[in-house]
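Each chain, letter by letter, is given below.
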Amino acid sequence: MHKTNWQVMAQDFMHGEIDKKWQDWWEKEKIFHVTEDPSKQKFYVLDMFPYPSGAGLHVGHPLGYIATDVVARFKKMQGFNVLHPMGFDAFGLPAEQYAIQTGKHPAETTKENIARYKQQMKKIGLVYDWDREVITSDPKYYKWTQWIFLKMYKSWYNKKTDKAEPIETLVGHLEKHGTEGLDAWTSGWEISELTPEQWQNMTLAEKEEFLMHFRLAFLDEAEVNWCPALGTVLANEEVVWDEEKGLVSERGGFPVERRPLKQWFLRITAYAERLLKGLEEIDWRESIKEMQRHWIGKSEGALINFPIENRSESIKVFTTRPDTIFGVTFMVLAPEHPLALEITTEDRKKEVEEFINRIKNQPEIERLSEKDMKGIFTGAYAIHPFTGEKLPIWLGDYVLMHYGTGAIMAVPGHDKRDWKFAKKYGLPIKKVIDAPGVDVEKEAYEEKEGVLVNSDFLNGLTVPEAIEKAIQEIEKRGLGKRHIQYRMRDFLFSRQRYWGEPIPIVYRNIDGKWIPFPVDESQLPIELPYMEDFKPTGSPEPPLARLKDWVELPDGSRRETNTMPGWAGSNWYYLRYMDPHNDQLPVSPEKERYWGPVDLYVGGAEHATAHLIYARFVNKFLKDIGIVTHEEPFQKLFNQGMIQGQTHFIWVDWDEKKAYSSGKVESLPEEVRKRLLKVRFPIKYVDQHGNVDLSRIEEMKREFVQFKDLEFIPDDDGIFRFAEKAIEKMSKSYLNVLNPDDVIEQYGADAFRVYEMFLGPLDEHKPWDTRGIMGAYRFVRNIWNWYVDKEGKPILTDEQPTEEELKIIHKAIDRVTRDIESLAMNTAISTLMTTFNEIKRLGTHKKSILEPFLKLLSPFAPHIAEEIWHLWGNKDSIFNAPWPQAEEKYLKEDTVEYPVAINGKKRFVLQLPTSWSREQIEEFVLNHEKTKKYTEGKEIKKIIVVPGKIVNIVVK
RNA sequence: GCCCAGGUGGCGGAACAGGCAGACGCGCAGGACUUAAAAUCCUGUGGGCCGAUAGGCCCGUGCGGGUUCGAUUCCCGCCCUGGGCACCA
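As the structure is a computational prediction, the values presented were derived from the model and not from experiment.

Cut-offs applied
- Residues numbered from 1 in each chain as written.
- Chains lettered and ligands numbered in written order.
- Predicted model: local features only at pLDDT ≥ 70, side-chain atom pairs only at ≥ 80, totals over all residues.
- Heavy atoms only, no water.
- Helix = DSSP H or I, 4+ residues; strand = E, 2+ residues; numbered from the N terminus.
- Buried < 20%, exposed > 50% of the residue type's maximum accessible area, 1.4 Å probe, protein only.
- Contact = heavy atoms within 4.5 Å.
- Areas by Shrake-Rupley, 256 points an atom, 1.4 Å probe, with all protein chains shown as cover.
- Lys, Arg positive; Asp, Glu negative; His and termini not counted.
- Charge placed at Lys NZ, Arg CZ, Asp CG, Glu CD.
- Near = heavy atom within 4 Å.
- Polar contact = N/O pair within 3.5 Å; in protein donor to acceptor, adjacent residues only side chain to side chain.
- Nonpolar A, V, L, I, M, F, W, Y, C, P; charged D, E, K, R; others polar.
- Axes fitted to C-alpha atoms, helices over the stretch in contact; angles between N-to-C directions.
- Salt bridge = Lys/Arg side-chain N within 4 Å of Asp/Glu carboxyl O.
- 1 Å grid on protein atoms, 1.4 Å probe; cavity = no way out; pocket = protein on both sides within 12 Å on 5 of 7 lines; lining within 4 Å.
- Points joined across faces, edges and corners; volume = space filled by probe spheres on them.
- Pairing = 2+ DSSP bridges.
- Right-handed = clockwise from strand over helix to strand, strands pointing away.
- Core = buried A, V, L, I, M, F, W, Y, C linked by side-chain atoms within 4.5 Å.
- Parallel < 35°, antiparallel > 145°, perpendicular 65-115°, else oblique.
- Phe/Tyr/Trp six-rings, centres within 6.5 Å; stacked < 30°, edge-to-face > 60°.

(A) Region of interest: the overall build of chain A. Along its length, chain A carries 33 helices and 34 strands. Taking the principal axes of its C-alpha atoms as reference, chain A extends roughly 100 × 90 × 80 Å. Within the span of chain A, comprising 956 residues, buried residues form 55% of the whole. Excluding contacts between residues fewer than 6 apart, the proportion of contacts in chain A whose partners are at least 24 apart in sequence is 71%. As displayed, chain A offers around 43100 Å² of accessible surface, 49% of which is attributable to carbon and sulfur atoms. Here chain A contributes 131 positive and 151 negative side-chain charges, whose respective centroids are spaced 3 Å apart.

Written as structure tokens, this is what we have:
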């Protein structure tokens, strides 16, 4: 085999041996094994739950894991009781899709992939308390996922107490008072009024149907995203918009259509207000909080009833601008609105029906992408509740059935969409808010600045005043009420797939109807039965339905065959880590009180809305039922950036099967050049100088068979140069992924970790540079060579440190400590580098300097740190040694280097004592000969002295 | 369209509270070592200009303005890149 450079370089220290030695030792010694210890302050650092994909980890993935590993080791040395667990999100769509692709059972592929992940994590030097490992597809875990679902099923949200309560308290209320005085969250369903007697007289089926509107886990028929290719419904968050294809699944990009289906939901909307409020007290990136606020989408306004002419029904609308009520000139209903066809006059029925069908059958793609709005007049009129005016009722595709009431009062003068609609169909436009330059015939005036006009009792008021006054008047006259509307919808919780937690519900046939009932908690877990063929059918019938023996129970009842979505397990895993083996509860409240909340949660920003909002919701629910004591689960959230890949392109002439170095291209004949294509080349076979590694070209051809027959023609100097390099997302198909195992084999785990941390700010996207890692490698190796001689003996002296040495090391302690605290790993590393350069410059091997430096280095390069630590004769781990403390007295300097600027431009520097006063400095500088040189013949207007910073002289 | 980040050498990036722009690393160039290459070590490295040297000058943090003794940092307007939302009444 060709002897590559690293093998020569690696002779000075055997990183491979050192890495493995300490990885095994940490595992054996369980250095991160923790138990609750009230005498110590806890620190809970958590990584986002990985889904163990079949491709394994690439070098971009572990960025966050390395950061948390650094923090965990650092906090441990600082004396905290550090909980740093790891586990796997193994249920769900991706795992199942992978299994289908490989033709294996997901139970098997999941197991393999987890083993691979753990192996890779170990090689990076990541250390966890594996005794707390959580795997969502493990029945011991999903027993509690199912338990939480049952608790939700058995709960309702009491708005009076502002928390979830057992369904029994609701039933008790109904028995005593009927619906009188009941204030419950029902996701917009209007509670039909009942007397206690009426409730008592209901059949079991009727009662169950009634209660279903209150349960926090409930069945509902709803328009859902059906994905035929995946054979399941998807949550809104799992569906994305594709420019070409329209609505597609996030996984795989398959088309998605809307269909009404009976599905399980979790009533997350009951928690909208608490989810919103909780954001104020947590330390998250503002943009993520904004996304969640937007997702919850709270709007305040009023519900107003508009009577329909000659009919008993009325149209209920929601508006945030009740101040513009006198500007209403027509009404618009969503085409799906239940009254749409009903109110249509006979003469227009046919036309309207056609319109409704056209909109309904129109693929979602078109309806959303078309800029133009479509509408039709129903022939019916509503009556303005204040003026009694007749308002034409239209149908319009720009009004959405699923937001508000599915109907609007159109105020074309002060709403852009209504204005556009009015212009298109020639409907009147009225001005009710006046401000300088407002002309509602030219465009809608949506600002809230101005004064109300043409508005009866609102005239002369400002917009905020008018909003308030209008709502009061509406309520006074019984025309409607104040209302808060949320955009957020309930959480779709069933999937027609095999690989997920079975929903612990059975259906009993009562009077010919299948009524859902919860299974008894003692029967949990409902284990997922083994299926040889688990593929989805393409119809909404879940695979589990095919298992007749499993579905049909001896007592004639039938099991629920839908399974839970991938989110189910990841909603609460962070709690299970606190108490992973508890067989009485998902987590004991005492342990949660000690460990919770998560002090630092690191992960990608892609979970901003889905997982991070579901988990907060489940946490709040568990708090309501007394399991959890903290309202918010994740105190500090840090979103790491992505490591991008560097894609390398070569010039290829496929006809002649030749690949040309870029220097060759110019000399090629025109017809050959025309045929050349830029083709992606695997980064793994790029050499240290950023050229094709010709020495390993045969190896490359074996691995990437598409290049098998290519002849590689280098430049005249024997170097094969690339046509182009580009920064792209790391992806297997771009051939720009690097496996951490390969990188670690070449440079060692420590250099890999140091490099990832050094690359740039943790929260930013930055490209991986194959050559850049050499810097990290040299750094680690040079430290080794400074600490250890050729015979492997430590080089260490007991001499007293000098003042200068102490200043250098204490400044480093101060800086590195603060940097790790704020996750500024890149500057922590650069401080370590500059400090080490100073150590070399001073030629010091004093223990008093090298020991604290080794500790500062240890979270980043734990393997050589541990090795050197033990070479010094220590028996315990360096991570059980205390973190060094910076002493204030060494952080101060006696003199400061003052830049002296003339008119803001630096001209020279002066070394002046720190203790000098402003006046002393001023006098000294003004009398200095260098100053005179610059001020000669000019008038000194002013001198600014900023102690410790700068001197600036203003001359004219 | 709206909201949120961000734009600094050839590259990744640094500059903590408005005070020396370019730390640290990569790359590149020159030199040492070597038969040679790699590795290693040393030196230089934002651009332009003057100067034999020492040294000095000018321009520079996306663009245009402003505040200030002083702006990468604050304010106003614009351009570009990335992310999110997208008929939400």
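(B) The protein's contact with RNA strand B, seen in detail. Taken together, the neighbourhood of RNA strand B is formed by 53 residues, with His294, Tyr403, Arg417, Arg487 and Arg778 sitting nearest. Here a base nitrogen of RNA strand B and a backbone polar atom of Leu400 are 2.8 Å apart. At 3.2 Å, a side-chain N or O of Glu897 approaches a base nitrogen of RNA strand B. Among the elements that take part in the surface near RNA strand B, helix H28 (residues 825-842) stands out by supplying 6 residues, more than any other. For the surface near RNA strand B, a count of residues per class yields 20 nonpolar, 17 polar and 16 charged.

(C) Molecular detail of the packing of helix H24 (residues 740-747) against helix H25 (residues 749-758). The N-to-C vectors of H24 and H25 enclose an angle of 115°; their axes lie 7 Å apart at closest approach. For the pair H24 and H25, the contacting residues are Pro740, Val743, Ile744 and Tyr747 in the first and Ala749, Ala751 and Phe752 in the second. Residue composition of the contact of H24 with H25, grouped by class: 7 nonpolar, no polar and no charged.

(D) Inspection of the pattern of salt bridges at higher detail. For the coordinates displayed, the defined rule picks out 71 salt bridges. Of the charged contacts in the structure, one is a salt bridge between Lys75 and Glu821, with a shortest N-O distance of 2.7 Å. Pair noted here: Lys75 is in helix H3 (residues 63-77) and Glu821 is in helix H27 (residues 803-821), with a separation of 746 residues, a long-range link. A residue is classified by how much of its surface remains accessible, and Glu821, at 41% relative accessible area, is partly exposed. By sharing partners, the salt bridges in this structure join Arg274, Arg616, Lys620, Lys623, Asp624, Glu631 and Glu632 into a single network.

(E) Representation of empty space enclosed by the protein in the model. One pass over the full model with this rule turns up 3 cavities of 30 Å³ or more. Here the largest cavity is characterised by a volume of approximately 90 Å³. For the largest cavity, the full set of lining residues is Thr145, Ile148, Phe149, Met152, Leu266, Phe493, Met564, Ala568, Asn571, Trp572 and Val618. Ranked by residues supplied to the lining of the largest cavity, first place goes to helix H6 (residues 139-153) with 4 residues. Partitioning the lining of the largest cavity into residue classes produces 9 nonpolar, 2 polar and no charged.

(F) Main features of the pairing of strand S1 (residues 42-47). Extensive coverage of S1 is indicated by the burial of 6 of its 6 residues. Side chains of S1 alternate between two faces, with Lys42, Tyr44 and Leu46 and Phe43, Val45 and Asp47 buried alike. Taken together, the 3 bridges between S1 and strand S2 (residues 81-83) define a ladder with parallel strand orientation. Bridge pairing in S2 links Lys42 to Asn81. In terms of handedness, the path from S1 via H3 over to S2 forms a crossover that is right-handed. Bridge analysis of S1 against strand S23 (residues 600-603) gives 3 bridges, and the strand direction is parallel. The residue of S23 that forms the bridge with Leu46 is Tyr601.

(G) Broad picture of the sheet that holds strand S18 (residues 480-486). As summarised here, the arrangement of the 3 strands in space is S11-S10-S18, forming an open sheet in which the pairing is antiparallel. The outermost strands of the open sheet, each flanked by one partner alone, are strand S11 (314-319) and S18. This sheet shows a mean twist of 30° between the axes of neighbouring strands, independent of strand direction. Sheet analysis places strand S10 (residues 298-307) next to S18, joined by 7 bridges and oriented antiparallel. In the sheet register, Gly301 faces S18, and the bridge partner there is His483. Helix-sheet contacts for helix H15 (residues 463-476) involve S10 and S18, and the interaxial angle to S18 is about 125°.

(H) Highlighting the environment of Trp550. Summarising the element assignment, Trp550 is placed in helix H16 (residues 548-551). On the accessibility criterion, Trp550 (14% relative accessible area) is buried. For the pair Trp550 and Met202, spaced 348 residues apart in sequence, the C-alpha separation works out to 32 Å. If we ignore the near neighbours within four places in the chain, the residues touching Trp550 are Pro502, Ile526, Glu527, Pro529, Leu544, Arg559, Glu560 and Thr561.

(I) Main features of the sheet that holds strand S34 (residues 950-955). Spatially, the 4 strands line up as an open sheet ordered S32-S31-S34-S33, and their pairing is mixed. In this open sheet, the two strands that pair with only one neighbour each are strand S32 (905-913) and strand S33 (940-946). Geometrically, the sheet is characterised by an average inter-axis angle of 20° between neighbouring strands, direction not taken into account. In terms of strand pairing, strand S31 (residues 895-902) meets S34 through 3 bridges, oriented parallel. What sits directly across from Ala901, in S34, is Asn952.

(J) Structural view of the nonpolar core. In this structure, Ile650, Trp768, Tyr787 and Phe860 are the most contacted members of the largest nonpolar core, which totals 109 residues. Among the elements that line this core, the one with the most residues is helix H26 (residues 773-787), at 10 residues. Residues within four places of Tyr787 in sequence aside, it is in contact with Lys793, Pro794, Ile795, Leu850, Phe853, Leu854, Ile868 and Trp872. Ranked by size, the runner-up nonpolar core spans 100 residues in total, among them Val224, Trp284, Trp499 and Tyr601.

(K) Seen up close, the pairing of S32. Across 8 bridges, the pairing between S31 and S32 is antiparallel. By the bridge assignment, Val896 is partnered in S32 with Leu912. Count of turn residues in the S31/S32 antiparallel hairpin: 2 residues, of which Asn903 carries a positive phi of about 50°.

(L) Seen up close, the packing of helix H11 (residues 286-296) against helix H20 (residues 610-624). One way to put it is that H11 packs onto H20 with a least axis distance of 10 Å and a crossing angle of 70°. In this view, H11 runs roughly perpendicular relative to H20, as classed from their interaxial angle. Note on element contacts: H20 touches H11 through Leu612, Ile613, Tyr614 and Arg616, opposite Gln292, Trp295 and Ile296.

(M) Representation of the packing of aromatic side chains. One pass over the full model with this rule turns up 58 aromatic pairs. Ring centres of Phe752 and Trp768 lie 6.0 Å apart, and the angle between their planes is 45°; this geometry places the pair in the tilted category. With Phe752 in helix H25 and Trp768 in the loop between strand S30 (766-767) and H26, this residue pair connects regions lying 16 residues apart in the sequence. Of the two residues examined, Phe752 and Trp768, each falls in the buried class.

(N) Quick peek at the side chain of Thr563. Turning to its location among the elements, Thr563 is positioned in the loop between strand S22 (558-559) and helix H17 (567-570). Residue class for Thr563 comes out buried when judged on its relative accessible area of 1%. Here the side chain of Thr563 touches Arg497 through a polar contact of 2.7 Å, landing on its backbone oxygen. With residues near it in sequence (within four places) discarded, Thr563 still touches Phe493, Ser494, Arg495, Arg497, Tyr498, Gly500, Glu501, Pro502, Ile503 and Leu544.

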